[in-house]
Amino acid sequence: GQQLNQSPQSMFIQEGEDVSMNCTSSSIFNTWLWYKQDPGEGPVLLIALYKAGELTSNGRLTAQFGITRKDSFLNISASIPSDVGIYFCAGLSFTSGTYKYIFGTGTRLKVLA
Amino acid sequence: DTAVSQTPKYLVTQMGNDKSIKCEQNLGHDTMYWYKQDSKKFLKIMFSYNNKELIINETVPNRFSPKSPDKAHLNLHINSLELGDSAVYFCASSQGPVTGELFFGEGSRLTVL
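What counts and what doesn't
- Residue positions are given per chain, counting from 1 as you read along its sequence in written order.
- The lettering of chains begins at A and the numbering of ligands begins at 1, in the order of writing.
- Residue-level local features of this predicted model are given only where pLDDT is at least 70; pairs of side-chain atoms are given and counted only at 80 or more, and the full residue set underlies all totals for whole chains, interfaces and linings.
- To get the side-chain values, take all heavy atoms of the structure and skip hydrogens and water.
- Put simply, DSSP marks the helices as runs of H or I at least four residues long and the strands as runs of E at least two long, and each gets a number from the N terminus on.
- For the radius of gyration, the atom set is restricted to C-alpha positions; the globular benchmark scales as 2.2 Å times the number of residues to the power 0.38.
- The cut-offs for exposure are 20% and 50% of the maximum accessible area for each residue type, with area from a 1.4 Å probe on protein chains only; residues under the lower value are buried, those over the upper are exposed, and the others partly exposed.
- Residue contacts are counted whenever heavy atoms from the two residues lie within 4.5 Å of one another.
- Calculation of accessible area relied on Shrake-Rupley with a 1.4 Å probe; when residues are assessed, cover is drawn exclusively from the protein chains displayed.
- Salt bridge, as used here, is a side-chain nitrogen of Lys or Arg placed within 4 Å of a carboxyl oxygen of Asp or Glu.
- Side-chain atoms alone can form a polar contact between residues adjacent in sequence; in general such a contact is a pair of N or O atoms within 3.5 Å, and within protein one must be able to donate a hydrogen while the other accepts it.
- Classification used: nonpolar for Ala, Val, Leu, Ile, Met, Phe, Trp, Tyr, Cys and Pro, charged for Asp, Glu, Lys and Arg, polar for all others including Gly.
- Only a pair of cysteine sulfur atoms within 2.5 Å qualifies as a disulfide here.

The helix and strand inventory of chain A stands at zero helices and 11 strands. What you see in chain A, going N to C, is helices and strands ordered as β-β-β-β-β-β-β-β-β-β-β. Its C-alpha atoms give chain A a radius of gyration of 14 Å, near enough to 13 Å, the size a compact globule of 113 residues would have. Taken over the C-alpha atoms alone, chain A extends approximately 45 × 30 × 20 Å along its principal axes. In chain A, which comprises 113 residues, the share counted as buried stands at 45%. Pairs at least 24 residues apart make up 54% of the contacts formed inside chain A by residues separated by at least 6 positions. Accessible area of chain A: about 5,200 Å², with a carbon and sulfur share of 52%.

See below:
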């Protein structure tokens, strides 16, 4: 089946540093979503991207929809301790006559104060 | 007022038992989903309903039976529970099956002993 590869798998960073993570696939997607999941909670939507090349910001977060439609990246600037969590990308694919969101494998972020 | 709410949040039960998880959304969305998150945090779609009609049914054992009494509710019933069913089950909703972002509930952690 379709897979979304996220990298890095996990990262430790110092508070105040910028963070980059990305999501790649061999398939084309029509929409990219980025989520954050805190322990014991459901994933919360951070940013939605709808057009190839689109660059969207939400506070300290910036995400881009790759031109090839096969990748997306998320940047977090000036990280703070509460940025800790698992970040997921999700791509909307059309397979077997159905649209569905495929999720990436997640990037686990740990911020050192 | 929680947008997507699911109950119970925790469920501990013995192998072979039958259990249900309920989900309700007050966003006025037409489409609802069940996702399973395993111990490695992979999120995988199980089912999707659009206006009470099943539109996605991934390769899920038929011990799992979703039911949507109306478009605001999607329940999941699991028969003859097995150890491998232990996971966190997330309900989600979106405006429609083709467009719209996914909004998740807080999850129901199922532990089968």
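Listed as interface residues are 21 residues of chain B and, on the opposing side, 20 residues of chain A. Between chain B and chain A we count one salt bridge in total. Where lysine 100 of chain A meets glutamate 58 of chain B, a salt bridge forms, and the shortest distance between an N and an O atom there is 2.6 Å. Taken together, chain B and chain A are joined by seven residue pairs in polar contact (both at pLDDT 80 or more). Tallied by class, residues from the side of chain B that touches chain A come to 12 nonpolar, three polar and six charged.

Turning to the state of the cysteines, a few remarks are in order. All names here are of chain A. Scanning the entire structure with this criterion turns up two disulfides over all chains. Disulfide pairing is shown between cysteine 23 and cysteine 89; the S-S distance is 1.7 Å. Taken as a pair, cysteine 23 in strand β3 (residues 19-24) and cysteine 89 in strand β9 (residues 85-95) lie far apart in primary sequence, 66 residues in all. Here the two residues cysteine 23 and cysteine 89 agree in accessibility, since each one is buried.

Further remarks concern the pattern of salt bridges. Residue and element names in this part refer to chain B. On inspection of all chains with the given rule, the structure shows seven salt bridges over all chains. The partner of aspartate 30 in a salt bridge is lysine 71, with the nearest N and O atoms 2.7 Å apart. Residue aspartate 30 is located in the loop between β3 (19-25) and β4 (31-37), and its partner lysine 71 is located in the loop between β7 (64-70) and β8 (73-78); the two are separated by 41 residues in the primary sequence. Ionic pairing is found between arginine 63 and glutamate 82, a salt bridge with its closest N-O pair at 3.5 Å. Placement of arginine 63 in the loop between β6 (53-57) and β7 and of glutamate 82 in the loop between β8 and β9 (87-94) is noted, with a sequence separation of 19 residues between them. A relative accessible area of 14% places arginine 63 in the buried class. Residues joined by salt bridges that share partners form a network here, namely Arg63, Glu82 and Asp85.

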